[in-house]
Every structure is written in structure tokens, then in C-alpha cells.
Amino acid sequence: MRIPRLVPELPLLRRELTELSARKRTYVVRSLGAMVLLAWVLWVSQNVLSAWQQQQQQRGMWAFGGALGVPAASLMGAGEVLFPRLVPLLFLAVQLLMPSMVCGSITIEKERNTLGTLFVTRLTPLTIVFEKLLSRLVPMLTFLLLTFPMLAFVYSLGGVDQRVLLATIWLILWECLLYASIGLMCSAWYTTTVGAFVASYVLSAVIFTLIRLNPVLVPTPYVIWQLLMGALAGPFGWQSGSIMAGAAVTSFVARAGQEPIRVTFVLTIPAMLTVVFCVMTTRFLLYRRAFVSQSSLLLRAFRMLDGFFQRLNDRAGGVQIIADRESYPDEDPVTWREREKKSMGRARYLIRILVVLEFPTLFVCLMSVMYSVNSNTSSGLTPLWLLAWLLALMIVTVKGSTLISSERTRETLDALLSTPLSGRDILLQKVAGMRRLLLVLATPILTVNLTLVMMTVQSGLGVSLANLNQLLWLLTYAVLSVFSTWTTLQLLAWLAALVGSRARAQARSVFAAVTVALGLAGVSWFVVGQERIFAGQSELRGPLEVTVGNAVRQLFRIDGSLQATQSLLWSMEPRPYGYSTESLEGLYGINFPLLRLFLCLGVVAWHWILLRTLRALVLRRSQWLLGRVDESEWESGAVKSLFSGVGR
Amino acid sequence: MQGEQAADAGVQLSGVRPAAISLRNLRVTYGRFEAVKGISLDIPEGEVFGFIGPNGAGKSSTFRVLATLQPKFQGQAYVCGLDVLRQPQKVRDVMGFVPDFFGVYEDLTSLEYLHFFAAAYRIPSAKRKGTIDDVLTLTDMTHKAHSPVDGLSRGMKQRLALARVLLHDPKVLLLDEPSSGLDPRARIEMRELLKALREMGKTILISSHILSELAQLCTRIGIIELGRMVAEGSLNEIYRQLQLMRVVHIRADNAGPELLEKVRAIAGVESVEQQVDRWALRLREEDLSIADLHAGLVAAGARLTMLQPEAMDMETAFMKLTEGKTA
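Asks: Just checking my understanding: could you explain the overall build of chain A for this structure?
Replies: The helix and strand tally for chain A stands at 27 helices and 0 strands. Expressed as a percentage of its 648 residues, the buried residues of chain A come to 48%. Long-range contacts, defined as pairs at least 24 residues apart, comprise 81% of the intrachain contacts of chain A with a sequence gap of at least 6. Per element, the accessible surface of chain A, about 31,900 Å² overall, is 66% carbon and sulfur.

See below:
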């Protein structure tokens, strides 16, 4: 009798995993990722456990145990504190990594023209979708498995209910599935991996924003986990304050203490339905979007925008500020093409983008100014500033990293490289072609900064333009704002160009550039410490330590000079850190505002030096980045060493 | 100075014409894989050299070295006496390269595309229009000047690529499979265009899979397999190197065993194979010409109704020289 096969053959999954295992970079990336994640977990653990021990010591519960003199007994029950600090890291890792891992699963087949061959096999569309989903889930889960010993350690410390642990694992699994299915859906819709990558993260950002607004609206597994932990901590638990759950949900969640698994399962149903919806949508899109010709989404969006403005212009009387004209390059052909022929370079398009970006920015700024009269807060603009900065970061990173790789992908680079244009010229002209775009992206950031100045003046903090000192202070802030914004965007553009130029595929160059940008932010966390980031709220460190610590952290951050400039405005607050300026001066013997100014100037100058160094490095290594023979490298000995002993 | 000395040593052919392209023991490796294994080659000015080889034989790697796009290689490579490694900028001034796979800027028209490259080749603004008009005329692309490049056919794109590399009037043209993917008409037009360039005195290094095409165009050919040059010279030289037998098909009214014996006895006839309606004679052409064979057959009493020498083509030579191994 023939035994029916219980596990289907899954040839696509097998192929995907074989391909993955054959790539050297799989192991490099996974090892690096695991090291970073484990280092992060250890760092958090160490901070939390030392704080826990201090608390226990203060309570007089110190006990000496263990042969090595380790205060083992003092750690008993520490899992209760450590567990809620570690698990968010796992959720964060899923949210950050899963979209990038999944977004290329179907687009790669489209880019290689292999999707058609899959369709002519006996694999059904749903099987293809499931196998693709599994092929990306398996690496993510194996990656997460690396951290499970850490969870086991936390569990062994005590204080963690076994049912809560199981519920957490269940929720992490569904968090993986949720983000994977969203990424897969984007991959089915888009024709390029870059498009799917951007869309996946934009959707993830939308989910984040909705969670911030009202978590109950978007019950992702992470939100459910937070609800669960809040319920377990009791009505005044540390988590419950941040969750604005509705009454019905609250009463249901309150039962989590007795039956966490059942509550968790019921609450996960919306997430499960979302996953099913995304998978079915992917299946629906798989055929329909399989052979759609590659066209830039941005270009299509611009064309739509163009049509809208055209109609608006016709109604308004047909005034044309910038007309399309036939032009040819004069001296700098690469810049000419970037500025005159590309959607992200043409003045006509850019002005329209500027209007689209600036109009809502101005609106929100004006509303903030109106509502903040005589109040001491400007925090309403922080999300807007953050949004403008993130948008600029995303666009500049993608554009900068694909300057060369897009030419390589479209096989136009060889023709360009065989001309007498030097590598330095090509890269300089490429980046120069981005300047207009940088100006457009800088404008909303500067608008918010200017609004902050206005709000400071009218906020009732005693700041007046009639006061020469304060006027000079505000002028310095304005000048530094412009300078630091420009420096930061240029720095980002050159960094992205450096990271992305060697990549053979656009998607890879974007991944690399985004990873480096985020990596730099991560480094600043590790170098200076988490407490100092929440300046003023730290009870462990004094104002001077926080101020200097922030400045050091800003040295490492890509947006450090922007942050440093912002700190100048905080200096105008009458009671920074809850201390008056005079008492701070008395406490440390330092003029605090002046210290902040010097630190700010130092950070801005450092970032400018970084920009010039990076630019010089990129230009010096331009031929290597582009991948062609360079006589200057020969002369400098860089290439010579490669050919030593060749028989010249 | 050092480069010039090396160039002098490397590019002077034995008292005839200076070499436009010179390779000395060229080796290209990608990781552990050796794509080119010590190729040496001299191509005099004005020559059209055909590069033949199966896929993965090392042709494109050799082209990339000469086009200054291959930073890592061993050996020496010169274009017009200029060292590719030490004087790449000068090499780019005298060379035009059409890669095997190339894209075009889809956001430009043909005219804008050529203006773009005219600026990249540093052609003075005042001269650009005239130069571009000239290359458009030469490549018969004038009627497509304002067409978007993206909408051009493959053949038109190839012509546009040729127009691009002619902008700065280079002495050497490196054409990596310019006819690949073209329909028969476009292929013939491309061949005529290349002949015109040959007449203009350009030195052309061309690779192709369509061997008969190279036979009509090239003054010399080189056959490359697995990174090694297996044969090099004019077509006749290669046939001689291979000692290829010429096959002649004959039909006679009085074909029979007696005539067969007489034909076999003709000096220079290696073998006679009886086929359904004809005999296939294999002969050594240096010993017996076609005309002498005809005379010999008549003398043997054959009443010929057909005498047809089989075309000795490059496909035969290629198949004989290569073993069909690819990387």
C-alpha cells in the first residue's frame, strides 16, 4: 500500500533555500546580524540587571550566593523586569528586517524574467505564493532562534509565566507572518525590488504611525503583546498607560492575567485575517502584475501630478513659469541628463513636488503657531520635522545609492566609462545633478525650523527680538539651520553614493545604503548609551553629562548636526532640565547656553569635516567605485601593488 | 616615459605597420576562474580582425581590457601604442567601444543621446552639430534623430551605438558582437556599414558568432577557446594550418566500378565516397586543384553531369579547431 505523502515536495522553497545557502553573503549577513542582535540583547540585559540589583540592594534584599561570589539570589525574579525589555527588541528586529527580506521574493523573478517559466509548471499560483512566503520566513525564524537561548536564560531567572512565554512566541511568529505577507504583497505588485522595498517600508511606517495614534485600531501582534504585558502589570502597570484601549477591549484584556493564551489567540485573529488577506491579494496580483512593463512609479506619480497642475494652470489662465524646451548639454553631460531628463531633476517637476510638500508643511506650521500662542510647547511640530527628515533621508538615500547602480543595471555604464570623462567628473556631475532635489527636500525641514523660531518668540518664554542677545541667538540658529541641513543632506548623498556605487543591482545598493544609515544611528546608541538620548528625563545623569553625552552622540549620528542645531533653541528655555540657568551656572561654574553653542558649533563643524572627507574619499576612489582602470591609482601605487611581479 | 618605452617595445610590428592593438600574454581572472589564459596578439593599423569563439571563451574579457574597463588583469595591453593600464584616459580618446550588451538612456532622443556623448567625448560645442550630422548620415540614422531612443529597434540601437563611438573619430573600434540579435536585413546593413568604416581606414576588432559574416569582412581572424587563442591568421592561413581537405561532389553518366577505380587513382585524390546520386571526392588542394581534377576526370573517361566543390567555410574550421568546451 502506498503511503500518501504528508509533506508536499515544495520545489520552489527547496530552490530558494538552496540558492540562499549557496550565497556567501547569506552567512556574512546572518553572522553580523546575529552578533549585532546578541550584543544589543546583552547590553540591554546588563543595564536592566544592574539596575535591578541596585534596587534590590536598596531594599536590603542582597544575598550572597554561588560559589563564585556572584550575587545569584539577587537576580531571582529579575526575568520579570528583563523580559519586557528584551522582547520588544525581537519585535523590532522582525519589523526592520522582514520587509527587506521579503520584498524581493517575486520582483527578483520578474527582473530575471523567470516568473513566466514558473507559471508554465504545475505549481499553482497559491503554491507559488506560499512557497515564496515560506522561503523568507525560514531564514527569519532561524535568525530569531539564535536569540532563544537568551529568552531561556531570562525564563530561568524566574518571574516569567510559562504561558506568557508561549504567547510571546506565538505573537512573534504572527508578527513575522504579518510583515512578510505585507512585503510579499508589495513584491507581487511592483516590477522592481527597489519599488517593493520602498513600498514595504512605507506601509510599515504607516502601521507604526497608526499604532502611535491609536493602537487598538491596528492590533498587530506587537500591540497585542503590549496589551498583554500591560494587563499582567495590573491597572497601573508601566505599559498600560501607553495603550489607549477601548472599554470592551480593556475588560477582555484584563482577563489576560488568568488565561493569557486564550486572550492572545482571540486578539490575534485580526492579524491572522490581515495575513490571509495579504496572501490572497498576492495570489490575485501574481498573474495580473507578472508582465507589467517596468515604469517608474515616481514618474507615473509625477505625471499624474503634472496633469493635475496642467488642468489647474489652464483654469488659472495658462501662466507657464518653466516651459519644456529642447536643450543639449554644454560641458557637463551627466549633470545635464540628471537635471533636464530625469523626473527627479527637472525644475518643472521639482517645483510641483515642492508645492505638494510645502503646502501641508506650511499649513501644519501655521496651525501650530496659532494654537501654541502663549503656551510653552513646540512639541507639536516634532512629528512633522521628523517626517520631513525621514522623507528626505529615504529619497536622498535611494537616489544617491542608485546613481551608478541604475546605470549598471540598465547596461549604460560601460558606454559612459569608455568615454574620456574621468571617474571623478562622473561622480561629481552625478551628485551635482541631485542638488535641486536636495534643495526641495531641505525646504520643509527649514520651514519647520523657521516656525520653531517664530513659536519661540511668541511662546511667552520671555524671548524677544528687541533683545539683541536673543536676536543674535535666533539668527545664529537660523544660519546654522540652513548650513546643517545642507551639510546633512549632502553628507547623506555622498555616503549613499559611496555605499551604493559598487553594487551590481539597484536593490542591493539601496539595501546597503539604508543599512549603513541605520547602522550609524545604531552605533550612536551603543557608544553613548540609551539614557542620555532621553535628555532631561534621565534620573541617573546630571544636566552636564546629558548635554555633553548628547553632543558626543550627535557626532556619530548622520543627522547629528541637525539635532545639535535644534538644541540651540532648547537653550532659550528658561529652565532646561528643570534647573534655572543661574542655578546650573552655580552648580557647574559654566555658562550653559554658551556651552551648548560651542558644542553645537563643534558638532556642525565635525559633520562638515566629515562631508569634505567623505567627498574627497569618494572622488579619490572614484575609478574603483565605477570599476575601471585608473592611471592615478597606478601612479599612487594602489593598482601597482596588484600587478607587482607581472613582468613589466 | 616609462609607458612610452613599453609602448615602443610592444607595438612595432616587424617592419610593416605599427600595431593599433597589441596584447602580450594577457591573463584575466575572476576569483579562481581564469577567463583569458595568456593571449598575445598584434593587429596592425587599418586591419579588421575577427574574434571568434564560443560563449565564455574570453572574448568579452579581452574587449573589456582594451576598453579600459577591466582594472584587474595581467600582461600588457596597448591601443595605438598607449598602455591601457598607465594611460587609460589617452586610450579612451583614441578608441570607441560597443559592448555586447548595452542599454541606452531611455529618457533621451537619438539626437540628445549623441549630444550627451559628444559632450562626454569633449568635442568642442561649435563642432558638435556638424559631427553629429555626419555620424547620423554615415549610420543612416538621420530620419530617427528625434525619435526616443527607447523606441528604436535593436538594429537601430546598434547603429546608434556605432554613431556614438564614431563621434570622436577614433582610430580603433572595439565591436563586441555588433550583429547579435539582429534580423537578416539589419545584419546585412550593419555589415555594409562596417565595410564603409574599413574603407575609412579604421582599425576594427570585432567579435561575432555569425562566422560567415566575419569571413566576408575581416582581413584576419583569431579563434579563441577557453581563454586561449587556438588559431590566428588570414582565412587561407587558417585552412592551411588545419590541413583541411577539399570535398568535391561529382555526378557522371557512366559511373561504375571501372570509373571509380580510375578516379581513385588520380594523384591528389585522398578518398572517394559513394553516395546515393553522387560521389564525394576528398582531395588535397595543394596537390590537386579543382581545374586539374576536372582534367583528370575527363582523361579517365568520366562523362560529367555535375562537378561541385563544397564551400570550405569558417564553420568547418571553427568546429575543427574548437572542442565545443565552454566555461
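Asks: In this structure, what is going on with the sheet that holds strand E14 (residues 304–309) of chain B? I would like to understand it.
Replies: Hydrogen bonds along the backbone pair up the strands of a sheet, which may run parallel or antiparallel. Residue and element names in this part refer to chain B. With antiparallel pairing, 4 strands are arranged side by side in an open sheet as E12-E13-E11-E14. The outermost strands of the open sheet, each flanked by one partner alone, are strand E12 (269–274) and E14. Adjacent strand axes in the sheet meet at a mean angle of 20°, parallel and antiparallel pairs treated alike. Across 5 bridges, strand E11 (residues 246–252) lies against strand E13 (residues 279–283) in antiparallel orientation. Considered in E13, the bridge of Arg246 is made with Leu283. Helix H10 (residues 257–264) rests against E11, E12 and E13 of the sheet, and its axis sits at about 155° to E12. Contacting E11, E12, E13 and E14, helix H11 (residues 290–299) runs over the sheet at an angle of about 160° to E14.

Asks: Would you mind going over the interface of chain A and chain B with me for this structure?
Replies: At the interface, 37 residues of chain A touch 44 residues of chain B. Interface area for chain A against chain B, summed over the two sides, is near 3,800 Å², with a carbon-plus-sulfur share of 56%. Counting across the chain A and chain B interface gives 8 residue pairs in polar contact (both at pLDDT 80 or more). Elements with a contribution of two residues or more to the side of chain A that touches chain B: helix H14 (333–340), helix H17 (413–417) and helix H27 (631–636) of chain A. The residue inventory of the side of chain A that touches chain B, partitioned by class, reads 15 nonpolar, 7 polar and 15 charged.

Asks: What should I look at first to understand empty space enclosed by the protein in this one?
Replies: Summary: where empty space remains is shown by rolling a probe the size of a single water molecule over the atoms. Residues and elements named next belong to chain A. Enumeration over the complete set of coordinates arrives at 4 cavities of 30 Å³ or more. Those elements giving two or more residues to the lining of the largest cavity turn out to be helix H22 (543–556), helix H23 (560–570) and helix H25 (592–620). In terms of residue count, the dominant contributor to the lining of the largest cavity is H22 (4 residues). Taken together, the residues that form the lining of the largest cavity break down as 5 nonpolar, 4 polar and 1 charged.

Asks: Would you explain helix H15 (residues 347–371) of chain A in this entry?
Replies: A turn of α-helix holds 3.6 residues, and therefore any two residues three or four places apart point the same way. In this model, H15 of chain A (25 residues) spans 35 Å end to end at C-alpha, consistent with the 36 Å of a helix rising 1.5 Å per residue. What H15 of chain A keeps buried is the set Arg348, Tyr349, Leu350, Arg352, Ile353, Leu357, Glu358, Thr361, Cys365, Ser368 and Val369 of chain A.

Asks: In this structure, what is going on with the sheet that holds strand E4 (residues 74–79) of chain B? I would like to understand it.
Replies: Residue and element names in this part refer to chain B. The sheet built from 4 strands is open, its strands ordered E2-E1-E4-E5 with antiparallel pairing. Across the chains shown, the open sheet's two edge strands, defined by having one partner strand only, are strand E2 (33–44) and strand E5 (82–83). As paired strands, E4 and E5 are joined by 2 bridges and run antiparallel to one another. Bridged to Val79 within E5 is Leu82. Contacts between helix H2 (residues 59–66) and the sheet are confined to strand E1 (19–30), E2 and E4, with E1 contributing the most and set at about 120° to the helix.

Asks: Any chance you could explain helix H6 (residues 154–166) of chain B here in plain terms?
Replies: Over its 13 residues, H6 of chain B runs 19 Å from end to end, which matches the ideal 18 Å to within 8%, given 1.5 Å per residue. Counting buried residues in H6 of chain B gives 11 out of 13 residues, a clear majority hidden from the surface. Of all the residues in H6 of chain B, the buried ones are Gly155, Met156, Gln158, Arg159, Leu160, Ala161, Leu162, Ala163, Arg164, Val165 and Leu166 of chain B. Turning to H6 of chain B, the residues buried within the fold contact H17 of chain A together with strand E6 (95–98), helix H4 (110–120), helix H5 (125–138), strand E7 (172–176) and helix H7 (184–199) of chain B.

Asks: I'm lost on the packing of aromatic side chains in this one. Help?
Replies: One pair of aromatic rings is described through two measures. These are the centre distance and the angle between the planes. Per the stated rule, a full pass over the model turns up 17 aromatic pairs over all chains. Pairing Phe83 of chain A with Trp225 of chain A gives two aromatic rings, centres 6.4 Å apart and planes at 55°, and the pair type is tilted. Here Phe83 of chain A, found in helix H3 (residues 79–102), pairs with Trp225 of chain A, found in helix H10 (residues 221–232); they are 142 residues apart in sequence, far enough to count as distant. Assigned by exposure class, Phe83 of chain A and Trp225 of chain A land together as buried. Plain terms: the ring middles of Phe116 of chain B and Phe117 of chain B are 5.1 Å apart, the flat faces sit at 80° to each other, and that makes the pair edge-to-face. Taken together, the ring pairs connect Trp336 of chain A together with Tyr105, Tyr113, Phe116 and Phe117 of chain B into an aromatic cluster.

Conventions and cut-offs
Residues numbered from 1 in each chain as written. Chains lettered and ligands numbered in written order. Predicted model: local features only at pLDDT ≥ 70, side-chain atom pairs only at ≥ 80, totals over all residues. Heavy atoms only, no water. Helix = DSSP H or I, 4+ residues; strand = E, 2+ residues; numbered from the N terminus. Buried < 20%, exposed > 50% of the residue type's maximum accessible area, 1.4 Å probe, protein only. Contact = heavy atoms within 4.5 Å. Areas by Shrake-Rupley, 256 points an atom, 1.4 Å probe, with all protein chains shown as cover. Pairing = 2+ DSSP bridges. Axes fitted to C-alpha atoms, helices over the stretch in contact; angles between N-to-C directions. Buried area = accessible area lost by both parts, 1.4 Å probe. Polar contact = N/O pair within 3.5 Å; in protein donor to acceptor, adjacent residues only side chain to side chain. Nonpolar A, V, L, I, M, F, W, Y, C, P; charged D, E, K, R; others polar. 1 Å grid on protein atoms, 1.4 Å probe; cavity = no way out; pocket = protein on both sides within 12 Å on 5 of 7 lines; lining within 4 Å. Points joined across faces, edges and corners; volume = space filled by probe spheres on them. Expected span 1.5 Å × (residues − 1). Phe/Tyr/Trp six-rings, centres within 6.5 Å; stacked < 30°, edge-to-face > 60°.

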